[in-house]
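Structure at a glance
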Amino acid sequence: MEISVKNINLETVKTPCIVAGIYDKRKLSGSAKQLDMHSAGYISKMLKRGDISGAVGDTLMLHDVPGLQAERVLLVGCGKASDLSNLRYREIISSSASALDRAKIKKAVISLADLDSKPLSPAQQIRLATEALLQNSYRFSMMAKDNPAVLDRISLHFADKRAAAVKKAKLALQIGKAIGEGRNTARELGNLPGNICTPTYLAKQASNFGKQYSKLKTTVLNQKDMEKLKMGALLSVSKGSRTPPKLIVMEYNGGKKGDRPYVLVGKGVTFDSGGISLKPGAAMDEMKFDMCGAASVIGTMVSINELKLPINVVAIVPSVENMPDGAASKPGDIVTSMSGQTIEILNTDAEGRLILCDALSYSEKFKPKAVIDVATLTGACVIALGAHPAGLLSNQQKLADQILDAGNESGDRAWQLPLWDDYQDQLKSNFADMANIGGREAGTITAACFLSRFTKKLHWAHLDIAGVAWHGGKQKGASGRPVPLLTQYLMDRCGKHYSL
Ligand code: BES
Ligand code: MN
Ligand code: ZN
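So, how was this worked out
Residues numbered from 1 in each chain as written. Chains lettered and ligands numbered in written order. Predicted model: local features only at pLDDT ≥ 70, side-chain atom pairs only at ≥ 80, totals over all residues. Heavy atoms only, no water. Helix = DSSP H or I, 4+ residues; strand = E, 2+ residues; numbered from the N terminus. Rg over C-alpha atoms; globule rule 2.2 N^0.38 Å. Buried < 20%, exposed > 50% of the residue type's maximum accessible area, 1.4 Å probe, protein only. Contact = heavy atoms within 4.5 Å. Donors = N, O, S within 2.8 Å, 3.2 Å for Na, K, Ca; no water. Tetrahedral: all angles 85-135°; square planar, octahedral: opposite > 155°, others 65-115°. Pairing = 2+ DSSP bridges. Domains from an automatic or database assignment. Buried area = accessible area lost by both parts, 1.4 Å probe. Salt bridge = Lys/Arg side-chain N within 4 Å of Asp/Glu carboxyl O. Axes fitted to C-alpha atoms, helices over the stretch in contact; angles between N-to-C directions. Parallel < 35°, antiparallel > 145°, perpendicular 65-115°, else oblique. Left-handed = near helix turned anticlockwise from the far one by under 90°. Nonpolar A, V, L, I, M, F, W, Y, C, P; charged D, E, K, R; others polar. Near = heavy atom within 4 Å. Polar contact = N/O pair within 3.5 Å; in protein donor to acceptor, adjacent residues only side chain to side chain. Areas by Shrake-Rupley, 256 points an atom, 1.4 Å probe, with all protein chains shown as cover.

Moving on, we come to the overall build of the chain. Assigned secondary structure in the chain consists of 14 helices and 21 strands. In terms of overall size, the chain behaves like a compact globule, its C-alpha atoms giving a radius of gyration of 24 Å where 500 residues would be expected to give roughly 23 Å. Counting only C-alpha atoms, the chain reaches 80 × 50 × 40 Å along its principal axes. Expressed as a percentage of its 500 residues, the buried residues of the chain come to 58%. Expressed as a percentage of contacts within the chain between residues at least 6 apart in sequence, the contacts between residues at least 24 apart total 78%.

What follows is about the coordination of the zinc ion (ligand 3). Coordination of the zinc ion (ligand 3) by the protein comes from Lys267 (NZ), Asp272 (OD), Asp290 (OD) and Glu351 (OE), over a distance range of 2.0 to 2.4 Å. Given 6 donor atoms and angles of 78 to 176° at the metal, the environment of the zinc ion (ligand 3) is assigned as octahedral. The sequence pattern describing where the donors of the zinc ion (ligand 3) fall on their chain is K-x4-D-x17-D-x60-E. Taken as a pair, the zinc ion (ligand 3) and the manganese ion (ligand 2) show a spacing of 3.2 Å, with Asp272 coordinating each metal.

Note on sheets: strands pair through backbone hydrogen bonds, and any given pair is parallel or antiparallel. Overall, mixed pairing links the 3 strands, which are arranged E13-E14-E18 in an open sheet. Each of the sheet's edge strands pairs with one partner strand only, and the pair in question is strand E13 (333-336) and strand E18 (434-435).

The domain architecture assigned to the chain consists of domain 1 (2-173) and domain 2 (192-494). The centre of domain 1, based on its C-alpha atoms, is set 38 Å off from the matching centre of domain 2. Together domain 1 and domain 2 conceal approximately 730 Å² of surface at their shared face, both sides included; 43% is due to carbon and sulfur atoms. Looking only at domain 1, the three residues that lose the most surface to domain 2 are Asn86, Leu87 and Arg127, adding up to 49% of its buried area. For the pair domain 1 and domain 2, the interface holds 0 salt bridges.

This part covers the coordination of the manganese ion (ligand 2). Perfect tetrahedral coordination of a metal by four donors corresponds to 109.5 degrees between them, and perfect octahedral coordination by six donors corresponds to 90 or 180 degrees. Within the protein, the manganese ion (ligand 2) binds to Asp272 (OD), Asp349 (O), Asp349 (OD) and Glu351 (OE); these donor distances fall in the range 2.0 to 2.2 Å. Because the angles between the 6 donor atoms bound to the manganese ion (ligand 2) fall within 71 to 167°, the donor set is best described as irregular. Taken in chain order, the donor set of the manganese ion (ligand 2) reads D-x76-D-x1-E. Residue Asp349 is classed as partly exposed on the basis of its relative accessible area, which comes to 21%.

Where helix H5 (residues 163-191) meets helix H14 (residues 483-492), the closest approach of the two axes is 9 Å, and the angle between their N-to-C directions is 135°. Between H5 and H14, the angle falls in the class oblique. In this structure, H5 meets H14 at a crossing whose hand is right-handed. Residues Ile175, Ile179, Gly182, Arg183 and Ala186 of H5 lie in contact with H14, whose contacting residues are Val483, Pro484, Thr487 and Met491.

Here the focus is the packing of helix H3 (residues 86-102) against helix H4 (residues 122-137). Packing of H3 against H4 leaves a shortest axis separation of 9 Å and a crossing angle of 45°. Considered as vectors, H3 and H4 are oriented oblique to each other. Seen from above, H3 lies across H4 with right-handed handedness. Of H4, the residues touching H3 (which contributes Asn86, Tyr89, Arg90, Ile93, Ser94, Ala97, Ser98 and Asp101) are Gln125, Leu128, Ala129, Glu131, Ala132, Leu133, Gln135 and Asn136. Looking at the contact of H3 with H4 residue by residue, the classes come out as 7 nonpolar, 6 polar and 3 charged.

Across the 5 residues of strand E11 (residues 268-272), 5 count as buried, placing the element largely inside the fold. Note that E11 and strand E12 (residues 312-322) share 4 bridges and pair parallel. Bridge assignment links Phe271 to a residue of E12, and that residue is Glu321.

What follows concerns unusual backbone geometry. With an omega of 0°, the peptide bond running from Arg481 to Pro482 counts as cis. Locating Pro482 in the fold gives a position in the loop between strand E21 (477-478) and H14. Of note, the phi angle at Asp64 is positive, near 45°, even though the residue is not glycine. Inspection of the secondary structure puts Asp64 in the loop between strand E4 (59-63) and strand E5 (72-79). Judged by its relative accessible area of 62%, Asp64 is exposed. Here Lys308, not a glycine, exhibits a phi torsion of approximately 50°, which is positive. In this structure, Lys308 sits in the loop between helix H9 (292-307) and E12. For Lys308, a relative accessible area of 56% puts it in the exposed group.

In this section: the site of ligand 1. Near ligand 1, the surroundings consist of 16 residues, among which Lys279, Asp290, Asp349, Glu351 and Gly379 are the closest. Within the side chain of Lys279, a nitrogen or oxygen atom sits 2.8 Å from an oxygen atom of ligand 1. A distance of 3.3 Å separates a nitrogen atom of ligand 1 from a polar backbone atom of Thr376. When ligand 1 sits alone it has 520 Å² of accessible area, and the protein chains cover 77% of it. Classifying every residue of the shell around ligand 1 by side-chain character gives 5 nonpolar, 4 polar and 7 charged.

This is how it looks when you write it as structure tokens:
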């Protein structure tokens, strides 16, 4: 899909469709007013008939509006101007895109960057529109033939002619494209099934990005390399699998040489059967999504390479398959992690923390400014927070606040849970330094407590994305979250340049 920002004359433009907003109570947006004027009140006449209320998600397609060169005008409900948030704005754009799709329209002018909103600047509206349009255009590669995207050229109308405003709008477009592309990359990796998207496949994709981008270098450590590093926790998880483990390291050098990097660590379990502590059968297919943390950090690397951010960033992806087998780890097994700490594996289904702990120890060698790990780590997080925010836990409040801010700014939110020492006792083991599970209570927090034992030397935060990484049910599919949050967090570390 091609998206551009242009100053367009709405009266004379020849296009299959112009999209304009209607607020709550049938109030016209700026561009709807303009269209109304050129059509001698046609739009307001249609509104009075009551076919569209102005509620978010409402649409009304008008044909051959007098006085205009456009073939159609699509009116979209925008709700109350004062209630506009980034989440609502996304909804407005995606309901517009669906209406255009239904009408099989290939090209359109969208004039929705003029919504009168305190919380959202026009540039932020351009960015969100771009992101949402790209999100709408995504099709899973193996099914794309059956339902190809029709809509493929969009001009976003931007009327402000001042140089500074135009520059901001262009930057907003660039950010929207970068995040949209990174997010769709993450969705595609997430949606690919476990028989295709193996650790080896993920490593290959990461290597390809390393070849595609000049500032990105990808290195892949194999089983032998990890044995030398004594990653006994990570390796214990893949023992039951026929497909070999990989540790993928992507180094992006956009900053000065020697600048300490930000490190992202993504859980890459390409299928989580639970291992010997086998999961029940219902919805087990969804455990192909257990590499969505990995997908999101790889997707974020795509976004920041597209944006050429002037900082250094390293992505580390421990990737394994968790399977039951004669060679698999058993409940009660004790393994030694790279840190030297021993772990009693009481449940082989608590495997994410076992691969993350060694990856986090490995991250120390980069002397990171901060480390954020991203993982579909606990079912408990879905129970606690549902599908809206990611769970956030951190050993440094400043870092947690920066992540919360990035979530609010990008509309890809997180919610903090306490990482208090009080919970550490739940991980006591009679036979090792710790157990890998902490009982039924506060499962998301005890998982983070486990990880905290490997991040004492780091400024570290953990995002549990079990509730947000994919949608179940009829719309089953990876969401590409939290690529927007992570990209925003990294843009925010580059000074004011990327603020819209
Ligand atoms: N990948 C799962 C977490 C998960 C479960 C995410 C369901 C999304 C939906 C993880 O490896 C796991 O199995 N966690 C266990 C931990 C337990 C054994 C302490 C869980 O949450 O049940
Ligand atoms: Mn598991
Ligand atoms: Zn898992």
